[in-house]
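Observations on the three-dimensional arrangement
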Amino acid sequence: MRIVFMGTPEYSVKTLKALTDAGHEVVGAFAQPDKPVGRKRILTPPPVKVFCLEHNIPVFQPDTLRDGKALEIINELAPELIVVVAYGKILPKEILNSAKYGCINGHASLLPAYRGASPIQWAIVSGESETGVTIMYMDEGMDTGDIIETERVKIGDDETADELFERLSYVSADLTVKTIEKIADGTATRTPQSSDGISYAPILKKEMALMDFSKTAKTLEFMVRGLYSWPCAYFLLEGKRIKVIKAKALDITTDKPCGTVILSDTRLYIACGDGSVLELLEVQPEGSKAMAVSVMQNGRKIPVGTLIEKV
């Protein structure tokens, strides 16, 4: 099938590669503009652009889709189908309707749950035991289109957002290819989304990552896993930020105030809400590399009785 692809991050590349491997003619791709990366703010192309340049696929990076220029490009490319995976821009109606078979999107949740920008992270933060991928026909709403296919995926007990991203990227790629086969042979179905179970996954912001030890240890464990590797859960101690890379809720209780360090040797336990206890396993003190808690404790031990700062 003749396809225009729209996507930006590494997650999207898996689907783009699967489309080319399956023999589809990707006549062009749209990605977000290059962005400055790192401390030196080096202008860096997104992964989808890199893939396209390596495979001689025309790539376009408009700042907006609403001035008519993107539509002109798409009309010249004359796709039968537009495939969108983590592009990061809202598509106007005229683009949604520009291809023969319309526009489909691979969304990393079981819609209508976790509509929005960060479904993988919020599924973990919310303590879900499963998530998945939904392929849908796009409409003008935010992830509200009719569902074509879904695939459920169990979330691992210790799985981080980064790890789940990697797994779901392959699920999404495979499911997209299978869905296009059904669209091509006329067997694809359309199922309107249920009005029950709607939830949202808003854009993540750095301020969301500050740990509140009045919450339960299990809630904080989910937060640590779901916000890794960005923005990464953290707490403040003596004005310095300590990122928490790994943590585990323990099957013990305490009557100490929330945020109090209750064990500090090669291990580090912190009192949390409802008498629960969180063990920190891997951390990254400000200005340092990530390290096991035992290593940090050997160098700059946080003593028992320390109360983690509230902000």
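Bear in mind the structure is a predicted one, so any value in this text is a computation, not a measurement.

Scoring rules and cut-offs
- Residues numbered from 1 in each chain as written.
- Predicted model: local features only at pLDDT ≥ 70, side-chain atom pairs only at ≥ 80, totals over all residues.
- Heavy atoms only, no water.
- Buried < 20%, exposed > 50% of the residue type's maximum accessible area, 1.4 Å probe, protein only.
- Helix = DSSP H or I, 4+ residues; strand = E, 2+ residues; numbered from the N terminus.
- Pairing = 2+ DSSP bridges.
- Polar contact = N/O pair within 3.5 Å; in protein donor to acceptor, adjacent residues only side chain to side chain.
- Contact = heavy atoms within 4.5 Å.

1. Thoughts on the pairing of strand β7 (residues 103-107)
Within β7, 5 of the 5 residues are buried, which leaves the element mostly enclosed by the surrounding structure. On β7, burial covers both faces: Cys103, Asn105 and His107 on one face and Ile104 and Gly106 on the other are all buried. Pairing of strand β6 (residues 81-85) with β7, which is carried by 3 bridges, proceeds in the parallel orientation. Looking across to β7, one finds that Ile82 is bridged to Cys103. Relative to strand β9 (residues 130-137), β7 is paired through 4 bridges, and the arrangement is antiparallel. Within the sheet, the bridge partner assigned to Gly106 lies in β9 and is Ile135.

2. Here we look at the side chain of Gln193
Considering the arrangement of structural elements, one finds Gln193 in the loop between α6 (161-185) and β11 (200-201). A residue is classified by how much of its surface remains accessible, and Gln193, at 13% relative accessible area, is buried. Looking at Gln193, its side chain comes within polar contact range of the main-chain oxygen of Asp143, at 2.9 Å. Within the structure, Gln193 has its side chain in polar contact with the backbone oxygen of Gly145 (distance 2.8 Å). Those residues within four positions of Gln193 in sequence are excluded, and the remaining contacts are Leu111, Pro112, Arg115, Met136, Asp143, Thr144, Gly145 and Ile147.

3. Some details on the environment of Tyr228
Within the secondary structure layout, Tyr228 lies in the loop between α7 (217-226) and β12 (234-237). Look at Tyr228 and you get partly exposed, because its relative accessible area is 28%. Leaving out residues up to four positions away in the same chain, Tyr228 has contacts with Thr160, Ala161, Asp162 and Ile245.

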